[in-house]
Amino acid sequence: MKIEEIKRLLEADCLIGEECMDEEVDMAFGCDLMSDVLAFTSGRTLLLTGLTNPQVIRTAEMLDIHVIVFVRGKKPSKEVLDLAVENNIVLLSTKHIMYNACGILFKNGLKGVPIRGVE
């Protein structure tokens, strides 16, 4: 799914990365535990989170995640915005709670991250 479509579906504001709206993601993962993000994600994954601290950007950087959606209307600090620019990470902000944001994306065809080792 293209980032532009994600932005439209979630009625999101683009905080950083407006020039990257044609890029695509393959799956999504909604989580506030960065340890779970580290354990379960990889590749072209969209991260939905309510956390707005620098650790979110650092975690995304380690996993090559290029798109983060902040839920509940959260807006990160200038420090976080600067880190995102440095690491070419698109930042969006939506008013939706995480549950609804994930549901909207799933309903429109964006699958979740498969959990390895869990049937």
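This text goes with the structure placed above it.
The rules behind each value
- In this convention, every chain numbers its residues from 1, walking through the sequence in written order.
- Totals for whole chains, interfaces and linings use all residues, but because this is a predicted model, local features are given only for residues with pLDDT of at least 70 and pairs of side-chain atoms are given and counted only at 80 or more.
- Computation of side-chain values covers all heavy atoms of the structure but excludes hydrogens and water.
- Numbering of helices and strands starts at the N terminus; helices are DSSP runs of H or I of at least 4 residues and strands are runs of E of at least 2.
- The globule rule is 2.2 Å times the number of residues to the power 0.38, and the radius of gyration it is compared with is taken over C-alpha atoms.
- To sort residues, take the accessible area from a 1.4 Å probe on protein chains only and compare it with the maximum for the residue type: under 20% means buried, over 50% means exposed, and anything in between is partly exposed.
- In what follows, a contact means two residues having at least one pair of non-hydrogen atoms within 4.5 Å.
- Where accessible areas are quoted, they stem from the Shrake-Rupley method and a 1.4 Å probe; at the residue level, only the protein chains shown are allowed to cover.
- Any carboxyl oxygen of Asp or Glu that lies within 4 Å of a side-chain nitrogen of Lys or Arg is treated as forming a salt bridge with it.

1. Some remarks on the overall build of the protein chain
Here's step 1: Along the protein chain, the regular secondary structure elements total 5 helices and 6 strands.
Here's step 2: What you see in the protein chain, going N to C, is helices and strands ordered as α-β-β-α-β-α-β-α-β-α-β.
Here's step 3: In terms of overall dimensions, the protein chain is globule-like: its C-alpha atoms have a radius of gyration of 13 Å, near the 14 Å expected for 119 residues.
Here's step 4: Dimensions of the protein chain, computed from C-alpha atoms along their principal axes, come out at roughly 40 × 25 × 25 Å.
Here's step 5: For the protein chain, the proportion of its 119 residues judged to be buried stands at 45%.
Here's step 6: Intrachain contacts of the protein chain at a sequence separation of at least 6 include 52% that bridge at least 24 residues.
Here's step 7: Surface accessibility of the protein chain: about 6,300 Å² in total, with carbon and sulfur atoms responsible for 53%.

2. Here's the deal with the pattern of salt bridges
Here's step 1: Taken as a whole and assessed by the stated rule, the structure comprises 7 salt bridges.
Here's step 2: Between E11 and K95 there is a salt bridge; the shortest N-O distance is 3.5 Å. With E11 in the loop between α1 (3-9) and β1 (13-16) and K95 in the loop between β5 (90-93) and α5 (98-107), the pair connects residues that are 84 residues apart, well separated along the chain.
Here's step 3: Across the pair D26 and R44 runs a salt bridge whose closest N-O atoms are separated by 2.8 Å. Taken together, the positions of D26 in the loop between β1 and β2 (27-30) and R44 in the loop between α2 (34-40) and β3 (45-49) put the pair 18 residues apart, joining distant regions of the chain.
Here's step 4: Judged by relative accessible area, which is 44%, D26 ranks as partly exposed.

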